[in-house]
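Analysis of the macromolecular model
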Amino acid sequence: MIVVTGATGKLGGHVMKGLLEKVPAKDLRVAVRDPGKAADLAAAGVDVRRADYSDAAALADALVGADKLLLISSSAVGRRLAHHRAVIDAAVKAGVGQVVYTSILRAPTTPIALAGEHKQTEELLAATGTPFVFLRNGWYTENHTEQLPVILQHGAIAAAAGDGRFASAARADYAAAAVAVLTTPGHDGKAYELAGDQPFTLAELAAEISKQAGQPVSYANLPAAQYREVLVGAGLPEAYADILVDADVKAAAGALDDSSGDLRRLIGRPTTPVAVTVAEALAALPVVPSQGGR
Ligand SMILES: NC(=O)c1ccc[n+]([C@@H]2O[C@H](COP(=O)([O-])OP(=O)(O)OC[C@H]3O[C@@H](n4cnc5c(N)ncnc54)[C@H](OP(=O)(O)O)[C@@H]3O)[C@@H](O)[C@H]2O)c1
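Residues numbered from 1 in each chain as written. Predicted model: local features only at pLDDT ≥ 70, side-chain atom pairs only at ≥ 80, totals over all residues. Heavy atoms only, no water.

**So, the site of the ligand**
The following threshold applies: Residues are labelled near a given molecule or strand when at least one of their non-hydrogen atoms is within 4 Å of it. Two N or O atoms form a polar contact when they lie within 3.5 Å of each other; inside protein one atom must be a possible hydrogen donor and the other a possible acceptor, and for residues adjacent in sequence the pair counts only when both atoms belong to side chains. Computed with the Shrake-Rupley method and a 1.4 Å probe, the accessible areas treat only the protein chains shown as cover for residues. To qualify as a helix, a DSSP run of H or I must reach at least 4 residues; to qualify as a strand, a run of E must reach at least 2; elements of each kind are numbered from the N terminus.
Thr8, Leu11, Lys37, Ser73 and Asn143 are the nearest of the 21 residues found near the ligand. The separation between an oxygen atom of the ligand and a polar main-chain atom of Leu11 is 2.7 Å. For the ligand, whose unbound accessible area comes to 890 Å², protein coverage reaches 84%. Residue assignment for the shell around the ligand shows that the elements contributing at least two residues are α1 (10–22) and α4 (80–94).

In structure tokens, the structure reads:
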């Protein structure tokens, strides 16, 4: 039995799609806080259990009989370590045979502030003695393309990442790596540095968006303090703005670049080119009705 947490999230959706192509549904279970969001999985024959990360009893129930667990890191920045500890404690008690954790690129050494909870989770998990695998995910290309409406509105990518290269990959690529690890032997104790094959700068991303959208898009590389003002002005909570600014500043110095090739090797194919993810995001934008006459 393979159990997946965070299965109703965006990465989890890709993971479950991939698992259902390789594993009978009766051997799959998801532990989610809102089973209503997993109706499609239940209909496909997956065992859906309600288990909020803050509910130890529910987590224990969700992990009974699990051979492998994919712990998709919690989205509650600042409360993630507590969430992950609860899941890991339940997994140890249930005697889960392997815990696969979605971490961050070079978790033990990266200067990115966001990595703190990932590093602590890795240490916690390694100390349990339970066989583990760390999937150290780099940036999702979608982190950039989900900003397309704002980018197109302003004709600019506003950021503070200088000429830093982003070795980003699509969520589907990282999900495929998780599926590969969960469905093949030989991964216990390994830490994979997962990133895209073709790193790009934000100036290169702006040029790609401009080419595909057919409108000028430039890269506005802002000083950190000014970028923070833009984010807070756009309504982001200050603490979250600080996290994003920090990631950009560290990316400028190479923290999100990578050339390990781990992701390509794990999934047995090149990672999704940024041009493809941009095209998909543009195609998904709502069509704005023309204002012109008949
Ligand atoms: N590598 C990157 O660039 C990057 C970017 C953003 C995030 N991340 C990390 O990667 C993870 C997966 O990414 P994603 O895009 O799939 O994020 P996402 O769509 O926000 O998914 C997060 C998942 O965590 C679940 N979750 C949050 N709090 C929970 C709780 N208290 N109990 C149980 N489940 C809870 C959510 O449940 P619901 O479905 O009910 O909301 C959701 O399924 C994120 O959570 C974050 O840690 C990585």
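Having seen the model, we can carry on.
**A word on the packing of helix α10 (residues 224–233) against helix α11 (residues 238–252)**
The criterion, for reference: Fitted lines through C-alpha atoms serve as axes, helices being fitted only where they are in contact, and the angles separating the N-to-C directions of these axes extend from 0 to 180 degrees. Here roughly perpendicular refers to angles of 65 to 115 degrees, roughly parallel to angles under 35, roughly antiparallel to angles over 145, and oblique to all remaining angles. Note: crossing handedness is left-handed where the near helix turns anticlockwise from the far helix by less than a right angle, and right-handed where it turns clockwise. Throughout, a contact is declared for two residues whenever any of their heavy atoms are within 4.5 Å. Lys, Arg, Asp and Glu make up the charged group, whereas Ala, Val, Leu, Ile, Met, Phe, Trp, Tyr, Cys and Pro make up the nonpolar group; the residues left over, Gly among them, are polar.
Relative orientation of the contacting elements α10 and α11 amounts to 140°, with a least axis distance of 9 Å. Relative to α11, α10 is oriented oblique. Remark: the crossing between α10 and α11 carries right-handed chirality. Residues Ala224, Tyr227, Arg228, Leu231 and Val232 of α10 pack against Glu238, Ala241, Asp242, Leu244, Val245, Asp248 and Val249 of α11. In the contact of α10 with α11, the residues fall into eight nonpolar, no polar and four charged.

**Points about the pairing of strand β1 (residues 2–5)**
Our working rule: Note on exposure labels: buried denotes an accessible area under 20% of the residue type's maximum, exposed denotes more than 50%, and partly exposed covers the range between, all computed with a 1.4 Å probe on protein chains only. Note on pairing: two strands pair once DSSP finds at least 2 bridges between them. With the strands aimed away from the viewer, a crossover counts as right-handed if its path from the first strand over the helix to the second runs clockwise.
Burial of the side chains of β1 extends over both faces: Ile2 and Val4 are buried on one face and Val3 and Thr5 on the other. Pairing of β1 with strand β2 (residues 28–32) involves four bridges; the strand directions are parallel. Directly across from Val4, in β2, lies its bridge partner Val30. As for the winding sense of the linkage, the β-α-β connection from β1 through α1 to β2 is right-handed. Inspection of the sheet shows β1 paired to strand β4 (residues 68–71) by three bridges, in the parallel sense. Its bridge partner lying in β4, Val3 is registered against Leu69.

**Section: the packing of α1 against helix α8 (residues 171–183)**
One way to put it is that α1 packs onto α8 with a least axis distance of 8 Å and a crossing angle of 45°. Considering the angle they form, α1 stands oblique to α8. In this structure, the crossing between α1 and α8 has a hand that is right-handed. Side by side, α1 and α8 meet where Lys10, Leu11, His14, Val15, Gly18, Leu19 and Lys22 of the first sit next to Arg171, Ala172, Tyr174, Ala175, Ala178, Val179, Leu182 and Thr183 of the second. Taken together, the residues of the contact of α1 with α8 break down into nine nonpolar, three polar and three charged.

**Some thoughts on the pattern of salt bridges**
Pairs can form between side chains of opposite charge whenever their charged atoms are close. Cut-off, in case you're wondering: By convention in these notes, a salt bridge is any Lys or Arg side-chain nitrogen within 4 Å of a carboxyl oxygen on Asp or Glu.
The tally for this structure, following the rule as stated, stands at 19 salt bridges. With a closest N to O distance of 3.3 Å, Asp27 and Lys26 form a salt bridge. Judged by its relative accessible area of 26%, Asp27 is partly exposed. Note on Lys26: relative accessible area 61%, which makes it exposed. The partner of Asp258 in a salt bridge is Arg106, and the shortest N-O contact between them spans 2.9 Å. One end of the pair, Asp258, is in the loop between α11 and α12 (262–267); the other, Arg106, is in the loop between β5 (98–104) and α5 (116–128), with 152 residues separating them in the sequence.

**Some words on the sheet that holds β2**
The seven strands lie next to each other as β3-β2-β1-β4-β5-β6-β8, forming an open sheet whose pairing is parallel. A strand with exactly one partner marks an edge of an open sheet, and here the two such strands are β3 (47–50) and β8 (191–194). The sheet shows a mean angle of 20° between the axes of neighbouring strands, direction not considered. The sheet contacts of α5 involve β5 and β6 (132–137), and relative to β5 the element is tilted by about 160°.

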